[in-house]
Amino acid sequence: MLIWIIKRDLLLAVRRQSDVLTTLFFFIIVVSLFPLSVGPEMNLLRTMAPGIVWVAALLASMLSLGRMFSNDYIDGTLEQMLLSPQSLSLLVLGKALAHWLVTGIPLVLMAPVLGIQYDLPGDALAILTISLLLGTPVLSLIGAIGAALTLGLRGGGVLVSLLVLPLYIPILIFGAGAVEASMAGVGFDAHLSLIGAFLLVSLVFAPWAAASSLKVSLE
Amino acid sequence: MAINWFKYSSPASFYSLAGKMIPFFTVIAIILLAAGLYVGFFVAPTDFQQGEAYRIIFIHVPAAWMSMFLYVVMAFWAGIGLAFNTRLSAMFASAIAPTGAMFTFIALWTGSLWGKPMWGTWWVWDARLTSELILLFLYIGFMSLQAAIDDPRRADKAGAIIALVGVVNIPIIYFSVQWWNTLHQGASVSVNQAPSMATTMLAGMLIMVFASWMYSIAVILKRTRIIILERESHTAWVAGLQKKGTVS
Amino acid sequence: MLQGINLACVRGDRELFKDINFLLESGGLMQVRGPNGSGKTSLLRMLCGLSHPAAGDILWEDQNIRALDSDFFAAVTYIGHLSGTKDDLTVLENLQISSALAGMEISTEQANDALHYIGLKGREALPVKVLSQGQRRRVALARLLVCKTSLWILDEPLVALDVMAVKLVRGVLEEHLQQGGMVVMTTHQEIDISAASIMELQLA
């Protein structure tokens, strides 16, 4: 079941590559806008880099949340999934993982390149990538709740950002914090462990909450 | 005397009960508010460190407490509504949200007013202020979600889920912000070490807290009544009220 | 055995129907009739467990479907207004994936057989978006051929189908009923299906 839903969503993403690329380019553009707005002073950019990359990742991940369920809602396949004898939470987990593979992984892979633009040292680049690798699945999982709640609503796109962004704050703090800590030469393990803990907790609870939300939205 | 509480879980009987309770709470709220403000602004001594400006805490602290407390109460009632499918508890949750958001806003506003003379700036990224700001976002998210949904049953349930998700996240967010704040200690001023308070100050503050309570109850009951009327407008008992001309 | 007791449906302030009672036994067909907006689709969505009745209970083998939850879903196939097919997937992928998600993995041969039977031979590898409305409907209905559920809930299954396809579907339904299955459906078209028991449920 889990395999099938991931396989299906990846297949759909392959058929519609433009969706994946839009998210990635959005991420790149947002990150590239900052030097243009604050100036090319390298020291300043280096201190801001972890925050900028993380905020851009948050926004990019959020931007694609609308698609997580709405296409399936429009063509009726979501209805069919709700009627499946399989666990709906498992299904939502599959959809969130697929969302992460399609939107999160490209961000993780692109982050070191953007970090170089900001002249981040090698260690910091590695930590940035690891923190994104651990943190972006949490964004997809929490985002699934927001996407499920706003399904089919007018202005759903803006609404989902209102609902989801405040919940992203801890991830943002510890994600960017890990990179800053490594740049400052202090330990970053605690940050990464906490993001890992968030990941575990959201793996357990978010699919369940999102599944309940889907049932509410489709009733 | 045994009271059948479940009787009041039906909107119709709650409507009349709330109608009787509102004047009571309103009067108490006004009396306490007057007393609290009097104690706060005239009786309590001037603080030797902060001068007269500290008196804003008589509004700021109760507002901040209420803002947090009301969110928990709101999530509680929303959760009850979700679990037991009781309409009234969900209406109650929707009625609490605007009051909670208002207190959050007051807490932020007065906090900023307080910050100017204390820290020389309108806003500092202090852990408490930041958490309070995020709390405001959570309230706004809850209200916008409910406003965007036309079907009241779906609005109730969806609101309940986001309120519960929020309430689980509040400690995590608060803890994260605290950590973040200590990491960046240099940039901000800590307001955490409250000096030991004079008894009259404490008394004034407690009176204000109770006044806020009474005010919240009165306003929330009133708002619940309005929501009941809106939702039940097609029922016979509301039509009966309209005939009697008792719908204000 | 599917039983509805005093079912009511409320949309916003409006009550669409109330006090709907019926008992559908194995081998039985129930046709739900009524003008537009009388709540046919709402009733079908309730019967398959997508929404909850404002009042009343739905029993499956004498147990409330809310309590049965996934055990009930395992016995039902619902085909609604929306075809439940993905435009970007091929006909074959659609059938295989939707079956797998419904808890029934089928082999490529099985899927191909079903698609040939329903008249989609030669179109297995086409993406659904290039198909006509009638053909999409056939893709959705192909699920009936591969599923092993006993209760079929069909919302206007004959819409957009040509005469040949209607005949095909009728055959599929009759066979299902003969084997002791149950069908609840709405349709505006006249269709005479032979079944052990045929019921009509008239809404407002």
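Let me sum up the structure you'll find in this document. Since the structure is predicted, the reported quantities are computational estimates derived from the model, not experimental observations. (Residues numbered from 1 in each chain as written. Chains lettered and ligands numbered in written order. Predicted model: local features only at pLDDT ≥ 70, side-chain atom pairs only at ≥ 80, totals over all residues. Heavy atoms only, no water.)

1. Here's the deal with the overall build of chain B
Then comes step 1: If you tally the helices and strands in chain B, you get seven helices and zero strands.
Then comes step 2: Evaluated residue by residue, chain B yields a buried proportion of 45% over its 248 residues.
Then comes step 3: Put simply, of all contacts in chain B between residues at least 6 apart along the chain, 77% involve residues at least 24 apart.
Then comes step 4: When the accessible surface of chain B is summed, it comes to about 12500 Å², and 72% of that surface belongs to carbon and sulfur atoms. (Helix = DSSP H or I, 4+ residues; strand = E, 2+ residues; numbered from the N terminus. Buried < 20%, exposed > 50% of the residue type's maximum accessible area, 1.4 Å probe, protein only. Contact = heavy atoms within 4.5 Å. Areas by Shrake-Rupley, 256 points an atom, 1.4 Å probe, with all protein chains shown as cover.)

2. Things to note about the packing of aromatic side chains
Then comes step 1: Taken as a whole and judged by the stated rule, the model has 18 aromatic pairs over all chains.
Then comes step 2: Look at Tyr71(B) and Tyr139(B): their rings are 5.2 Å apart centre to centre, the planes differ by 75 degrees, and that puts the pair in the edge-to-face class. With Tyr71(B) in helix α2 (residues 57–84) and Tyr139(B) in helix α4 (residues 127–148), the pair connects residues that are 68 residues apart, well separated along the chain.
Then comes step 3: Classification of Tyr71(B) by relative accessible area gives buried; the value is 1%.
Then comes step 4: For the pair Trp123(B) and Trp125(B), a centre-to-centre distance of 5.7 Å together with 80 degrees between the ring planes defines the contact as edge-to-face.
Then comes step 5: Since its relative accessible area comes to 48%, Trp125(B) is described here as partly exposed.
Then comes step 6: Site record: aromatic cluster; members linked through ring pairs are Phe174(A), Phe198(A), Phe175(B) and Trp179(B). (Phe/Tyr/Trp six-rings, centres within 6.5 Å; stacked < 30°, edge-to-face > 60°.)

3. Details of the pattern of salt bridges
When charged atoms on two side chains of opposite charge get close, those side chains can pair.
Then comes step 1: Here the structure, examined in full by the defined rule, presents 20 salt bridges over all chains.
Then comes step 2: The partner of Asp9(A) in a salt bridge is Lys95(A), with the nearest N and O atoms 3.0 Å apart. Of this pair, Asp9(A) sits in helix α1 (residues 2–15) while Lys95(A) sits in helix α6 (residues 88–117), and the two are 86 residues apart along the sequence.
Then comes step 3: Given the relative accessible area of 14%, Asp9(A) is considered buried.
Then comes step 4: We classify Lys95(A) as buried; its relative accessible area is 2%.
Then comes step 5: Put simply, Asp192(C) and Arg170(C) hold a salt bridge, and the shortest N to O gap is 3.5 Å. (Salt bridge = Lys/Arg side-chain N within 4 Å of Asp/Glu carboxyl O.)

4. Things to note about the environment of Leu200(A)
Residue and element names in this part refer to chain A.
Then comes step 1: Take Leu 200: it is sitting in helix α9 (residues 189–218).
Then comes step 2: In this structure Leu 200 comes out as exposed when scored by relative accessible area, which is 56%.
Then comes step 3: Sequence separation between Leu 200 and Val 138 is 62 residues, and the spatial gap between their C-alpha atoms is 8.7 Å.

5. Here's the deal with the interface of chain A and chain C
Then comes step 1: Contact with chain A, which involves 25 residues of that partner, is made by 27 residues of chain C.
Then comes step 2: In this assembly, chain A packs against chain C so that about 2500 Å² is buried in total across both faces, 59% of it on carbon and sulfur atoms.
Then comes step 3: When the buried area of chain A at its contact with chain C is split by residue, Trp4(A), Leu83(A) and Pro85(A) rank highest and sum to 27% of it.
Then comes step 4: The interface formed by chain A and chain C includes five salt bridges.
Then comes step 5: Between Asp88(C) and Arg16(A) there is a salt bridge whose closest N-O contact spans 2.8 Å.
Then comes step 6: For the interface between chain A and chain C, the tally reads 12 residue pairs in polar contact (both at pLDDT 80 or more).
Then comes step 7: Mapped by element, the contributors of at least two residues to the side of chain A that touches chain C are α1, α4 (66–75) and α5 (77–82) of chain A.
Then comes step 8: Looking at which element gives the most residues to the side of chain A that touches chain C, the answer is α1(A), with six residues. (Buried area = accessible area lost by both parts, 1.4 Å probe. Polar contact = N/O pair within 3.5 Å; in protein donor to acceptor, adjacent residues only side chain to side chain.)

6. Thoughts on a nonpolar patch on the surface
All names here are of chain B.
Then comes step 1: A surface patch of nonpolar side chains, about 650 Å² in accessible area, is lined by Leu 33, Leu 37, Tyr 38, Phe 41, Phe 42, Val 43 and Ile 59.
Then comes step 2: Top contributing element to the nonpolar patch by residue count: helix α1 (residues 11–43), with six residues.
Then comes step 3: Looking at the element boundaries, Leu 33 is found in helix α1.
Then comes step 4: On the basis of relative accessible area, Leu 33 is assigned to the partly exposed category, the value being 40%. (Patch = residues over 30% accessible without salt bridge, like charges linked within 9 Å, V, L, I, M, F, W, Y side chains within 5 Å.)

7. Remarks on the sheet that holds strand β8 (residues 182–186) of chain C
All names here are of chain C.
Then comes step 1: Taking strand neighbours across the sheet as the criterion, the five strands line up as β6-β7-β8-β3-β9 in an open arrangement whose pairing is parallel. Two strands lie at the open edges of the sheet, namely β6 (76–79) and β9 (197–202), each paired on one side alone. This sheet shows a mean twist of 15 degrees between the axes of neighbouring strands, independent of strand direction.
Then comes step 2: Sitting on the sheet, helix α7 (residues 163–178) is in contact with β3 (28–33), β7 (151–155) and β8, with an inclination near 145 degrees to β8. (Pairing = 2+ DSSP bridges. Axes fitted to C-alpha atoms, helices over the stretch in contact; angles between N-to-C directions.)

8. Focus on the sheet that holds strand β2 (residues 14–24) of chain C
Residues and elements named next belong to chain C.
Then comes step 1: The strand order across the open sheet built from four strands is β2-β1-β4-β5, with neighbouring strands paired in antiparallel fashion. Each edge of the open sheet is held by one strand with a lone partner, namely β2 and β5 (63–64).
Then comes step 2: Judged from the two bridges that link them, strand β4 (residues 55–60) and β5 form a sheet pairing that is antiparallel. Residue pairing in the sheet places Trp 60 in a bridge with Gln 63 of β5.
Then comes step 3: Along the sheet face, helix α1 (residues 40–47) touches β1 (2–11), β2 and β4 and points at about 130 degrees away from the line of β1.

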